[in-house]
Every structure is written in C-alpha cells, then in structure tokens.
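Given next are the chains, with one letter for each unit.
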Amino acid sequence: MMTNLKTWVSAAALAGGLALASLSAGAARAQETIKVGILHSLSGTMAISETTLKDAMLMLIAEQNKKGGLLGKKLEPVVVDPASNWPLFAEKARELIAKDKVSAVFGCWTSVSRKSVLPVFKELNSILFYPVQYEGEESERNVFYTGAAPNQQAIPAVDYLMKEEKVERWVLEGTDYVYPRTTNKILEAYLRAKGVKPEDISINYTPFGQSDWQTRVAAIKSFGSAGKKTAVVSTINGDANVPFYKELANQGLKATDIPVVAFSVGEEELAGIDTKPLVGHLAAWNYFESIDTPENKAFIAQWQAYKKNPKAVTNDPMEAHYIGFNMWVKAVEKAGSTDPDKVIAALPGTEQKNLTGGTSQMLPNHHITKPVFIGEIKDDGQFDVVNKTDGLIAGEAWSKQLDGSKDLEADWVKLNCGNYNTKTKKCGGA
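Computed from a predicted structure; not experimentally measured.

(A) Summary view of the nonpolar core. If you look at the biggest cluster of nonpolar residues, it comprises 61 residues, and the most contacted ones within it are L39, F325 and W328. Looking at which element gives the most residues to this core, the answer is helix α11 (residues 316-335), with nine residues. Judged by nonpolar contacts, the second largest core, of 27 residues, contains I236, V242, I291 and I377.

(B) Highlighting the domain arrangement of the chain. What the domain assignment reports for the chain is domain 1 (31-149 + 296-371) and domain 2 (151-290 + 374-394). A separation of 27 Å is found between the C-alpha centroids of domain 1 and domain 2. Contacts between the two partners involve 39 residues from domain 1, matched on the other side by 31 residues from domain 2. Both faces combined, the contact of domain 1 with domain 2 buries some 3000 Å², and carbon together with sulfur accounts for 58% of it. The largest share of the area that domain 1 buries against domain 2 comes from I48, Q133 and P371, three residues that together contribute 19% of it. Counting every contact that joins domain 1 to domain 2 gives zero salt bridges. Inspection of the domain 1/domain 2 interface yields 18 residue pairs in polar contact (both at pLDDT 80 or more). Residue assignment for the side of domain 1 that touches domain 2 shows that the elements contributing at least two residues are α2 (47-66), α4 (111-124), α10 (294-307), α11, β12 (359-361) and β13 (369-370).

(C) Quick look at the environment of V158. Along the chain, V158 falls in helix α5 (residues 154-164). When the C-alpha positions of V158 and W170 are compared, they lie 9.5 Å apart, and in sequence the two are twelve residues distant. Not counting residues up to four positions away in its chain, the partners in contact with V158 are W170, L187, Y190, L191 and V233.

(D) The arrangement of empty space enclosed by the protein in detail. Applying the stated criterion across every chain, the model contains one cavity of 30 Å³ or more. As a volume, the largest cavity reaches approximately 60 Å³. Contributing to the lining of the largest cavity are 13 residues, with P150, N151, E396, W398 and S399 lying nearest its centre. Looking at the lining of the largest cavity residue by residue, the classes come out as five nonpolar, four polar and four charged. No fewer than three residues from each of domain 1 (31-149 + 296-371) and domain 2 (151-290 + 374-394) sit in the lining of the largest cavity.

(E) The sheet that holds strand β14 (residues 373-377), seen in detail. With mixed pairing, seven strands are arranged side by side in an open sheet as β7-β6-β8-β9-β10-β14-β15. Among the strands making up the open sheet, the edge pair consists of β7 (201-206) and β15 (383-388). Taken over all neighbouring pairs, the strand axes of this sheet differ in orientation by 25° on average, direction set aside. Summarising the sheet, strand β8 (residues 230-235) and strand β9 (residues 260-262) pair through three bridges and their orientation is parallel. By the bridge assignment, S234 is partnered in β9 with A262. Lying on the sheet, helix α7 (residues 214-223) is in contact with β6 (169-175), β7 and β8; it crosses β6 at an angle near 165°.

(F) Seen up close, the side chain of T183. Note on placement: T183 falls in helix α6 (residues 178-193). Only 2.8 Å separates the side chain of T183 from the backbone oxygen of Y179, close enough to count as a polar contact. Not counting residues up to four positions away in its chain, the partners in contact with T183 are E135, A154, T235 and F263.

(G) Region of the structure containing the packing of α2 against α11. Running from N to C, α2 and α11 cross one another at 35°; their axes reach a closest spacing of 10 Å. As for the relative orientation of α2 and α11, their crossing is right-handed in sense. Contacts between α2 and α11 involve T52, L53, A56, M57, L60, I61 and Q64 from the former and P317, M318, H321, Y322, F325 and V329 from the latter.

(H) Inspection of the packing of α2 against α10 at higher detail. Remark: α2 packs on α10, axes separated minimally by 11 Å, with the N-to-C direction vectors making an angle of 100°. The pairing of α2 with α10 is recorded here as roughly perpendicular in orientation. Along the contact surface, α2 presents T52, D55, A56, L58, M59 and E63, while α10 presents F299, Q302, W303, Y306 and K307. Classifying every residue of the contact of α2 with α10 by side-chain character gives six nonpolar, two polar and three charged.

(I) Molecular detail of the pairing of strand β3 (residues 104-107). Burial of β3 is two-sided: the residues A104 and F106 facing one way and the residues V105 and G107 facing the other way are all buried. In terms of strand pairing, strand β1 (residues 33-39) meets β3 through four bridges, oriented parallel. Within the sheet, the bridge partner assigned to I38 lies in β3 and is F106. The pairing of β3 with strand β4 (residues 128-130) spans two bridges and is classified as parallel. Looking at the pairing, F106 lines up with F129 of β4.

(J) Looking closely at the pairing of β14. In terms of residue burial, β14 counts as a mostly covered element, since four of its five residues are buried. When strand β10 (residues 282-285) meets β14, the two strands line up antiparallel, connected through four bridges. Considered in β14, the bridge of W285 is made with F373. Bridge count for β14 against β15 is five bridges, and the pairing is antiparallel. Along β15, the bridge assignment pairs I377 with F383. Count of turn residues in the β14/β15 antiparallel hairpin: five residues, of which G381 carries a positive phi of about 85°.

Thresholds, definitions, all that
- Sequence order as written defines the numbering, with residues in each chain counted from 1.
- It should be noted that, the model being predicted, local features are given only for residues of pLDDT at least 70 and side-chain atom pairs only at 80 or more, the latter also being counted only at that level, while totals for whole chains, interfaces and linings use all residues.
- Note: side-chain values were computed over all heavy atoms of the structure, leaving out hydrogens and water.
- Throughout, nonpolar core names a set of buried Ala, Val, Leu, Ile, Met, Phe, Trp, Tyr and Cys residues whose side chains join them through atoms within 4.5 Å.
- For each residue, the accessible area found with a 1.4 Å probe, counting protein chains only, is set against the maximum for its type, and the residue is called buried under 20%, exposed over 50%, and partly exposed in between.
- Per the convention used, a helix needs a DSSP run of H or I reaching at least four residues, while a strand needs a run of E reaching at least two, with both numbered from the N terminus.
- These domain boundaries are the output of an automatic or database domain assignment.
- Note on contacts: a residue pair qualifies if any of its non-hydrogen atoms lie within 4.5 Å across the two residues.
- Note on definitions: buried area is the accessible-area loss of two parts on being combined, 1.4 Å probe, summed for both.
- Counted as salt bridges are all cases of a side-chain nitrogen of Lys or Arg within 4 Å of a carboxyl oxygen of Asp or Glu.
- Under the rule applied, a polar contact is a pair of N or O atoms within 3.5 Å (in protein, one hydrogen donor and one hydrogen acceptor; residues adjacent in sequence only if both atoms are side-chain atoms).
- A pocket here means an open set of points on a 1 Å grid, computed over the protein atoms alone, that has protein on both sides within 12 Å along at least five of seven lines. A cavity is instead a set of points where a 1.4 Å probe fits but cannot get out; residues with an atom within 4 Å of a point line either one.
- Grid points are joined across faces, edges and corners, and a volume is the space filled by probe spheres set on the points.
- Here the nonpolar group is Ala, Val, Leu, Ile, Met, Phe, Trp, Tyr, Cys and Pro; Asp, Glu, Lys and Arg are the charged ones; every other residue, Gly included, is treated as polar.
- When DSSP locates at least two bridges between a pair of strands, those strands are taken to pair.
- Throughout, an axis means a line fitted to C-alpha atoms (over the contacting stretch in the case of helices), and angles, computed between N-to-C directions, take values from 0 to 180 degrees.
- Whether a crossing is left-handed or right-handed is set by the direction in which the near helix is turned from the far one by less than a right angle, anticlockwise for left-handed and clockwise for right-handed.
- If an angle is under 35 degrees, it is roughly parallel; if it is over 145, roughly antiparallel; if it lies from 65 to 115, roughly perpendicular; otherwise it is oblique.

Here it is as structure tokens:
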C-alpha cells in the first residue's frame, strides 16, 4: 500500500511539474511576441470594405517580422471578426485587450463601430488606430485617427464641385448613422455660409445594406431637373454602394448630368461592379492607387505579391493603416516599450512617408497631416486625379462650421485634453 502511495505521489508530482513547465513555456512564448489586434468585419454588410484592411495588416506585420520584428520580438497578429455588429465590436475589443493582451489594435470602419469600442479602450487603457475618414467632432487620448477629418475630404470635395463643376444644388445622400449625419450637418452649415439656399439642399438617409434604390435615384433625378447644376455628395457606406451605382446607370444618370462625389467608394468597392456607366463620377480621398510615386509602386507590388493576384487593388484606408502601423512601430522603438502610456506620449510628432509623395505627421490632436485628391472613375475601376491640394492638410478634430465645436481645441501634448474650450479655458467642452 505504502509503495503504491509513493508511486502515486511521485506521478502526481511529475504531472504537476510538467503542467507548470508547460504553463511556463506558454508564458515564455507569449512574452517572446508582441501581439497586435486586428478588429475588422470579415462578414456582414461592411465586409466588402473591411476584409481588405485585415489582409493589409497581416501583410504589414509579416513585413515587419522580416525586418526582425520589434524590440527584438516577433509581432503576432490576433484577428477577430466583429461581423458588422456594432455591440460585438466592443465585445471583441475587450477580448483582444483583456484576454489576448494585444499591445495595440488596428480596426473599425464605421463611426458607430468606433463609438462602440471607445469606452473599452478608455477603461482598459489600450490604443486604437482608426484608418477611415470620419465626421470629426472627437479626439480621444486612446485613439489615433489616420483617416481623413472633414476638412481633409468633405470640405475640399465641396469646394471642388463649386469651383470646377459650378454646382448650385446639392443632394447629401448618406447611410443612416453618425458619420453621414454629422458630416452632412457640417456640409449643410458650410453650404449655407457660402450662400446656398435651403431649398437647394436635399438631405436623405437610408439603412445599412439598402438594396432598392429606384425611388431614391428617381428623386435625385427630379431634384436635379430644376435648371441648376446639381451634384450628389455621397456618404453611403458598405455594400449598399453597389446597387446605388447600378441604379444610377439603370436610370441613365451620367456624371455629365449629375456628378456623384463619394467619400466611401474606392478601388476595392469598384472592383465588384461594372464601372463603364460610372465613368466621370468622383471620389475624394487622400490616396489613389493610380498616383505615380516610387513608394506607391513598391506598395502595390508588395500587396499584389502578398495576395498572389496581379490584379489586387489598393485603396485609401490601406494607406492609412500603412501610415498608422509604421508610426506605431516608430513610437514603440522611441519609447523602448509597448506600454500604452509611453507609446501614446511618443506618437505625437512621429513622421512617416506616405505613399503619394509627402510625409505625414501625427499631430497633438491625434490626427495626421494628409494631402487631398479628387479622382474621376475610369472604365478600368481606377481613378484619374483631377484635383489635389497644395501640400498636406492638418486634420482638425473639431469643425469650424458648428457652433458647439468651433471654440474647441484638441491637444494631448500641451493641454492633455481632447476638447479644450478656448473661451472658458476649461477642458471638457463646457
């Protein structure tokens, strides 16, 4: 009996030792890598746009690992699918930060998904790089906005239509959520300040995934028949863009009649539709694949090789991730750590060459400097750049067009505040 007991105790001790050794080895492996979270919809209405961003991040991480990783460690991507489900974005963000222990997260497309995850990043003190154009009116300590603010996309697009296309009537057409509604609020105020009458502005919203556009396109056509040059400013997002453009073609609405300038349609979205009827319609972005620079040529070649597809296209939010990821790498190297507080402090002032020939800088308001391009759709699904800004434009967190925002300033370096009221001299917007 005693011998059996000794044997059992020895076996148990050995098993426990092996288990502890296994746990230690697992912990050591975890410490040997730096985890990077990727939070993009791979299913649902936004997958048409976001899946490519997941792949772009995997490519960027793989390329960094080829260079030796970061701080002597390999980068390990952790991919989740929030499935175009806004509350699920918050759950998946919490999972990435609390369970997977990622050092930073690159993700979100829609503003409603970004708004959903903000409390999680603040509570758990992690870092989000957000790569898509948005409505502004925000500057959070834990978020770095590498997409365009309204003054880097929407306002320049309207200026172009006014000056070059002589547009006098405006259809502000968007998907029904915070980004289109806030952007159109800014644009309406901007147009009114420019002397446009209320009756010459039509604003409309449709749900995510809208598929039947016959009635709306007919209404746009009717609005544009008043004898004044009319344009559509589109903040339609996701897969609703495909039937929208198809219906424009069905009803014979050409760019020469009523041009559409889109803020969420790029090369990736056009890859899914026949673009011939859309030739001449416009998009406003901070990057186009067709821009001829050595940096862009190298990026396109890298992407097509990674995808093993010589026809794989690049787009603006991909470049935003390219800029944001490289800024994060530089900030981590500067801080000598992935500690969020140290990296957040190191990011403002960080510079990164963009793909269009300039150098973007992370500003104290956590937005970046970007050029602005207006492109015409070509029949091959690419864009012909017809207008660009002189130099890079600094992203503005708060809009000069809105009464509640024009006195606010975001500065996380000197003021340590994202909504400092320059009149009351108080942080908090009050």
